[in-house]
Amino acid sequence: MTSFRYQNHELYCEDTRLADLIATFGSPLYVYSRKAIIENCSAIEAAFEGHPHRTTYAVKANANVHLLRLIAEQDLGADVGSKGELFLALNAGFSPDSISFSGVGKRDDEIEYALAEDIYAFNVESKQELEVINTIASRLGKTARILLRLNLDIDAGTHAYISTGQKHNKFGISSRKAVEVLRWAQNLQSVEIRGIHSHIGSQILSQRAFVEAAHALERVVGELRSNNIPVHEVDFGGGFGIRYHGVLTHPRLPAETPESESVPVAEFVRTVLPVLRKTGCAVAIQPGRSIVGDAGALLTTVLYRKEQEGKNFVIIDGGMNDLIRPSLYQAHHQIVPVQLSNTIVEQADVVGPCCESGDFFAQDRLLPSVSRGDVLAVLCAGAYGYVLSSNYNSRLRPAEVLVDGSRITLIRRRETLEYLLS
Ligand SMILES: Cc1ncc(COP(=O)(O)O)c(C=O)c1O
């Protein structure tokens, strides 16, 4: 549910004029809508229609502690992928028994920390990891609740770097081995089996892939039960794709055709729930992008323009160190001026200041013509934006602000040069 809209050719987030934010907080700047995050959480929760479930927000999508606090207030749990994410989730107020710990490479100290904090469960990715968790838990006098992450060998039809559920990917244990591994795990003294888990990738737009995954999990639950292995919960993971193309329309904006298959996250949940329900298990999901993705934008200012051999370049002050998705996955973000003063449209590459030809936000893109000093909004940058930022070229990370109507809160200060010495 995007909260970015034009009013009199000016772009607003909720009731806040984006041009004013840049004037106050500088550029580049991440801006988030409180309303959009709340609406995304409640749309997901409503889709469960009372079926017992846990929605655990995937902290990796955006780990700003203020946003985590807001999501915790919506009664969601958290799925963490590191000690740092667990630390942030606990500090944001997520209750430990609502937290799961995913990831293929958990370190011993991370497992110890999670056990000491008594989190709900570990999503375990290998037999060896199970052994290590058992050993550490028994040393600490604890019982570790676990779900086994299965690799269902399903092509989610997404970018190869964010496809996680195929047999050549590093994630999970082949679903053919579920019975064997969990039967063995039943003998581990300090492990309690809660269920199974899968996460087949991110930015998935195909309902077919999700339905296939749900049926595969249902089959595995049946196999486990017939082998007297208890299964209480199926964690379906995250990956629900959002729309990046054509999010905003305006007579002065070149039209962008939206992704044909994109549906709201609640629709994905409604599609798989009837299948997962047949297992008789409680259901968990781990949405990240679908909670914060369309709630955020990166504002950036045009530094220069240049024309080279018939090609236009718009050079901006935001770069791949601020938002790496276009460089890393050739991801598309709609880019729009915050003030639509120009009726002329041109084709240009929108490029950052980093010393890489891969440092671009858009290539050969139709845009309203812009000049030095104009501010652009890179839409749907709320997920995998700031969290993937870096200090490449010793550039300082941008500030982040949260908008609530016309109320603005600075939720992360812009880095200063001193930071580079620490
Ligand atoms: C285990 C796990 N769960 C949940 C997510 C969140 O995915 P998304 O942000 O696409 O919903 C990820 C991200 O890839 C993940 O690795």
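None of the values given here were measured: they were computed from a predicted structure. (Residues numbered from 1 in each chain as written. Predicted model: local features only at pLDDT ≥ 70, side-chain atom pairs only at ≥ 80, totals over all residues.)

A. Just the pairing of strand β9 (residues 144-151), in detail. Burial within β9 is extensive, with 8 of its 8 residues counted as buried. Neither face of β9 is open: one carries Ala144, Ile146, Leu148 and Leu150, the other Arg145, Leu147, Arg149 and Asn151, and all of them are buried. Taken together, the 3 bridges between strand β8 (residues 121-124) and β9 define a ladder with parallel strand orientation. The residue bridging valine 124 from the neighbouring strand is leucine 148, located in β9. As paired strands, β9 and strand β11 (residues 191-197) are joined by 6 bridges and run parallel to one another. Bridging across to β11, alanine 144 finds its partner in valine 191. (Buried ≥ 20, exposed ≤ 12 C-beta atoms within 10 Å, placed from the backbone. Helix = DSSP H or I, 4+ residues; strand = E, 2+ residues; numbered from the N terminus. Pairing = 2+ DSSP bridges.)

B. Structural view of the pairing of strand β20 (residues 399-404). Buried residues dominate β20, accounting for 5 of its 6 residues. Sheet topology note: the strand β4 (residues 29-33)/β20 ladder contains 5 bridges and is parallel. The residue bridging valine 31 from the neighbouring strand is valine 401, located in β20. As paired strands, β20 and strand β21 (residues 407-412) are joined by 5 bridges and run antiparallel to one another. Note that in β21 the partner of glutamate 400 across the bridge is arginine 412.

C. A look at the site of the ligand. By nearness alone, 18 residues border the ligand, and Ala58, Ser202, Gly238, Gly288 and Arg289 come closest of all. Class assignment for the residues of the shell around the ligand results in 5 nonpolar, 10 polar and 3 charged. (Near = placed C-beta within 6 Å. Nonpolar A, V, L, I, M, F, W, Y, C, P; charged D, E, K, R; others polar.)

D. Representation of the domain arrangement of the protein within the structure. Taken domain by domain, the protein consists of domain 1 (4-13 + 21-28 + 294-421) and domain 2 (35-292). Taking only C-alpha atoms, the centre of domain 1 and the centre of domain 2 are 31 Å apart. Facing the 29 residues of domain 1 at the interface are 26 residues of domain 2. (Domains from an automatic or database assignment. Contact = placed C-beta atoms within 7 Å.)

E. Inspection of the environment of proline 326 at higher detail. Residue position: proline 326 is located in helix α11 (residues 325-329). Take proline 326: there are 21 C-beta atoms within 10 Å of it, and that puts it in the buried class. For the pair proline 326 and isoleucine 229, spaced 97 residues apart in sequence, the C-alpha separation works out to 44 Å. Not counting residues up to four positions away in its chain, the partners in contact with proline 326 are Ala331, His333, Phe360, Phe361 and Ala362.

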